[in-house]
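Chain residues, written in single-letter form:
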Amino acid sequence: MWKPTQAGATVSVHIDGAPCRVPADSSVASVLLQQRKVIWREGRARTPLCLMGVCYECLVWIDGKQQQGCQVPVAEGMEIETGGEHAG
Ligand code: FES
């Protein structure tokens, strides 16, 4: 569920282990696009496509759970992994 935040607010997340400050009102998928991150799944490069929950091209691991990045808002301390198979 998205909650309005103060304009210009940011949160700190980790993308593939690297710390990153991102706009607080962003979805995980939009952050990955902003950061030019490629999602790897089944040995192929993917990128969010529809941004509305239809195509599943945005599947990533978020805090250890595989989810559609376009349907999840970023949150402080979130761990995002784009590497495909979850290393655990
Ligand atoms: S970008 Fe299509 S389901 Fe998320």
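The model shown is predicted, which means the values in this text are computed figures rather than measured ones.

**Student:** Tell me about the overall build of the protein chain, residues and numbers included.
**Tutor:** Tallying secondary structure elements over the protein chain gives one helix and seven strands in all. The order of α-helices and β-strands along the protein chain, N terminus first, is β-β-α-β-β-β-β-β. Scored against the burial criterion, the 88 residues of the protein chain give a buried share of 38%. Long-range pairs, those at least 24 residues apart, make up 41% of the contacts in the protein chain between residues at least 6 apart in sequence. Entry remark: accessible area of the protein chain is about 5,400 Å², with carbon and sulfur atoms responsible for 54%.

**Student:** Tell me about unusual backbone geometry, and name the residues and values.
**Tutor:** The backbone phi angle of arginine 36 is positive, close to 55°, even though this residue is not glycine. Following the sequence through the fold, arginine 36 ends up in the loop between α1 (28–34) and β3 (39–41). Backbone geometry places aspartate 63, a non-glycine residue, at a positive phi of 50°. With respect to the helices, strands and loops of the structure, aspartate 63 is situated in the loop between β5 (59–62) and β6 (65–68).

**Student:** How would you explain the sheet that holds β5 if you had to name every residue and give the values?
**Tutor:** If you walk across this open sheet you meet the five strands as β2-β1-β7-β5-β6, and the pairing is mixed. Lying at the two open borders of the sheet, with one neighbouring strand each, are β2 (18–23) and β6. Direction aside, the axes of adjacent strands within the sheet are offset by 40° on average. Summarising the sheet, β5 and β6 pair through four bridges and their orientation is antiparallel. Among the inter-strand pairings, tryptophan 61 is bridged to a residue of β6, identified as glutamine 66.

**Student:** I'd like a rundown of the environment of alanine 24, residues and numbers included.
**Tutor:** Along the chain, the position of alanine 24 falls in the loop between β2 and α1. On the basis of relative accessibility, which here comes to 13%, the residue alanine 24 falls in the buried class. Between the C-alpha atom of alanine 24 and that of serine 12, which follows or precedes it by twelve residues, the distance is 8.8 Å.

What counts, and at which threshold
Residues numbered from 1 in each chain as written. Predicted model: local features only at pLDDT ≥ 70, side-chain atom pairs only at ≥ 80, totals over all residues. Heavy atoms only, no water. Helix = DSSP H or I, 4+ residues; strand = E, 2+ residues; numbered from the N terminus. Buried < 20%, exposed > 50% of the residue type's maximum accessible area, 1.4 Å probe, protein only. Contact = heavy atoms within 4.5 Å. Areas by Shrake-Rupley, 256 points an atom, 1.4 Å probe, with all protein chains shown as cover. Pairing = 2+ DSSP bridges. Axes fitted to C-alpha atoms, helices over the stretch in contact; angles between N-to-C directions.

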